[in-house]
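# Per-entry structural report
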Amino acid sequence: MSHRRRFARSMKAAMAAFLLGRHAEDSGGGLADAQLWYASYMREAPGGPLAGEALGRQMVVLEKLGRTAEAKEAAKRYVMRFEGGSYEPVARTLMQGR
């Protein structure tokens, strides 16, 4: 969190948001927090080097949280922006409602 405050509005702050999302997701119970951190990364660095990974992870987390409509919207955005990306198969499955 100190990186986010110290380097506010910088790529370092955005990267910290992504890493906080990964930590929340990997720790096992922080899916809602993970989703918020990934959303922060996408808001702060939509063209950043981890944008595809952040959006893909956000999409998966939204689905796990039962927020299906939001997960489908994230899937549509993912396919439009990152065609051929590593989360595309998951995105297409979500878009088909499976």
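Our subject is the structure that appears above.
Residues numbered from 1 in each chain as written. Predicted model: local features only at pLDDT ≥ 70, side-chain atom pairs only at ≥ 80, totals over all residues. Heavy atoms only, no water.

## A look at the side chain of E25
Definition in use: Only DSSP runs of H or I with at least four residues qualify as helices, and only runs of E with at least two residues qualify as strands; both kinds are numbered from the N terminus onward. For every residue, the accessible area (1.4 Å probe, protein chains only) is compared with the maximum for its type, and the residue is labelled buried under 20%, exposed over 50%, or partly exposed between those bounds. Polar contact criterion, stated in full: a pair of N or O atoms within 3.5 Å, where within protein one must be able to donate a hydrogen and the other to accept it, and residues adjacent in sequence count only if both atoms are side-chain atoms. Whether two residues are in contact is decided by their heavy atoms, any of which lying within 4.5 Å being enough.
Assignment of secondary structure puts E25 in helix 2 (residues 11-26). Its relative accessible area of 14% is what places E25 among the buried residues. Within the structure, the side chain of E25 is placed 2.5 Å from the side chain of Y38, a separation counted as a polar contact. At 2.9 Å, the side chain of E25 forms a polar contact with the side chain of R57. Not counting the four nearest positions on each side in its chain, E25 is found in contact with G30, L31, A34, Y38, R57, V61 and K64.

## What about the side chain of Q35?
With respect to the helices and strands, the residue Q35 is situated in helix 3 (residues 31-44). There is a polar contact of 2.7 Å between the side chain of Q35 and the side chain of Q58. Setting aside residues no more than four positions away along its own chain, Q35 makes contact with Q58, V61, L62, L65 and R67.

## Some details on the packing of aromatic side chains
Describing an aromatic ring pair means giving the distance of the ring centres and the angle of the ring planes. The following threshold applies: For this analysis, a ring pair means two rings from Phe, Tyr or Trp (six-membered ring only for Trp) whose centres lie within 6.5 Å, classed as stacked if their planes differ by under 30 degrees, edge-to-face if by over 60, and tilted for the remaining angles.
All chains considered together, the criterion is met by four aromatic pairs. Summarising the aromatic geometry, the rings of F18 and Y38 are spaced 5.7 Å apart at their centres and angled 45° between planes, so their arrangement reads as tilted. One end of the pair, F18, is in helix 2; the other, Y38, is in helix 3, with 20 residues separating them in the sequence. By relative accessible area, Y38 is classed as buried at 0%. Summarising the aromatic geometry, the rings of F18 and Y41 are spaced 6.0 Å apart at their centres and angled 70° between planes, so their arrangement reads as edge-to-face. Of this pair, F18 sits in helix 2 while Y41 sits in helix 3, and the two are 23 residues apart along the sequence. Side by side, F18 and Y41 carry an identical accessibility label, which is buried.

## Remarks on the pattern of salt bridges
Pairs may arise between side chains of opposite charge once their charged atoms sit close together. Stated formally: Here, a salt bridge means any Lys or Arg side-chain nitrogen found within 4 Å of an Asp or Glu carboxyl oxygen.
If you walk through the whole model with that rule in mind, you get six salt bridges. Here R22 and D26 are joined by a salt bridge, their closest N and O atoms 3.8 Å apart. Here the residue R22 and the residue D26 both occupy positions in helix 2, the gap between them amounting to four residues, near one helical turn. The class of R22 is partly exposed, set by a relative accessible area of 29%. What you see here is one network of salt bridges that share partners, running through E25, E53 and R57.

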